[in-house]
Amino acid sequence: LGRAILANAIGDKESLEQVFYHTYLIHQMTDNNLINRQYQMAASCEESAAHLRLSDLTKTSEPEIAQHHREKALEISQNALTAYHSYGFVRTVECTSEMILYRHGMALLANGMEQEGAEYIRMAAAETERKHALIPEGSSFRTTYLDLPLHQQIHKTAKRLKNR
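Note that the structure is predicted; figures quoted are calculated from it, not measured.

> Can you lay out the pattern of salt bridges for me, pointing to particular residues and giving the numbers?
A full pass over the atoms with the stated rule returns seven salt bridges. Between E75 and K72 there is a salt bridge whose closest N-O contact spans 3.5 Å. Taken together, the residues span about one helical turn, with E75 and K72 both in helix 4 (residues 63-87) at a distance of three residues. Look at E75 and you get partly exposed, because its relative accessible area is 42%. Between E119 and R122 there is a salt bridge whose closest N-O contact spans 3.2 Å. With E119 and R122 both in helix 6 (residues 114-134), this residue pair falls three residues apart, about one helical turn.

> How would you sum up the packing of helix 5 (residues 97-110) against helix 6? Please name residues and give values.
To describe two helices that pack against each other, one gives the angle between their axes and the distance between the axes. Interhelical geometry of helix 5 versus helix 6 gives an angle of 160° and a closest axis separation of 7 Å. When the interaxial angle is binned, helix 5 and helix 6 end up roughly antiparallel. When you trace helix 5 past helix 6, the crossing you get is left-handed. Touching S97, E98, L101, Y102, H104, G105, M106, L108 and L109 of helix 5 are E114, E116, G117, A118, Y120, I121, M123, A124, E127, T128 and K131, all from helix 6. Split into classes, the residues belonging to the contact of helix 5 with helix 6 amount to ten nonpolar, five polar and five charged.

> Give me the side chain of S77: which residues, what numbers.
Structurally, S77 can be placed in helix 4. Exposure remark for S77: the relative accessible area of 2% places this residue in the buried category. In this view, S77 contacts S48, R103, H104 and A107; residues no more than four positions away in its chain are not counted.

> Could you give me a rundown of the packing of aromatic side chains, with the residues and numbers involved?
Following the criterion strictly, the structure yields two aromatic pairs and no others. Between the aromatic rings of Y87 and F89, the centroid separation amounts to 6.0 Å while the plane-to-plane angle is 70°, which identifies the pairing as edge-to-face. On the basis of relative accessible area, Y87 is assigned to the partly exposed category, the value being 30%. Using a relative accessible area of 41% as the deciding quantity, one classes F89 as partly exposed.

Cut-offs used in this document
Residues numbered from 1 in each chain as written. Predicted model: local features only at pLDDT ≥ 70, side-chain atom pairs only at ≥ 80, totals over all residues. Heavy atoms only, no water. Salt bridge = Lys/Arg side-chain N within 4 Å of Asp/Glu carboxyl O. Helix = DSSP H or I, 4+ residues; strand = E, 2+ residues; numbered from the N terminus. Buried < 20%, exposed > 50% of the residue type's maximum accessible area, 1.4 Å probe, protein only. Axes fitted to C-alpha atoms, helices over the stretch in contact; angles between N-to-C directions. Parallel < 35°, antiparallel > 145°, perpendicular 65-115°, else oblique. Left-handed = near helix turned anticlockwise from the far one by under 90°. Contact = heavy atoms within 4.5 Å. Nonpolar A, V, L, I, M, F, W, Y, C, P; charged D, E, K, R; others polar. Phe/Tyr/Trp six-rings, centres within 6.5 Å; stacked < 30°, edge-to-face > 60°.

Here's what the structure looks like:
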């Protein structure tokens, strides 16, 4: 899973293609009961993000392939969301509830489902705020929690959608 996260962070086409290999291995390990299914949920978040980035990279030169990536992002983010709802929580450190909501919202937006996508982005922002409120006053983590890159992306996207 760590390699999939790093490949997504690099973000070039070759690295993004590697995300699918690494997430495939995670799906295989969970299918064989070698690791907890929560890792499959986290892998789906990474896989969905890679599909959305590849869609952006191919939208001009290969619009059909870009559309395929958008559709796969939505399908896979729905899998992560369904797993999240079946568990009711996220236990892995590589994935958070707000990440699942955000990834699904972004996949919905990419597929033209503006209202539903905006709602999931709002839920991700609310989840981030909920967790922030639970951090004790005076904790150094409380001052940096909202500065985490994912939380910055969530709030930036939520603000942009609110101003539409």
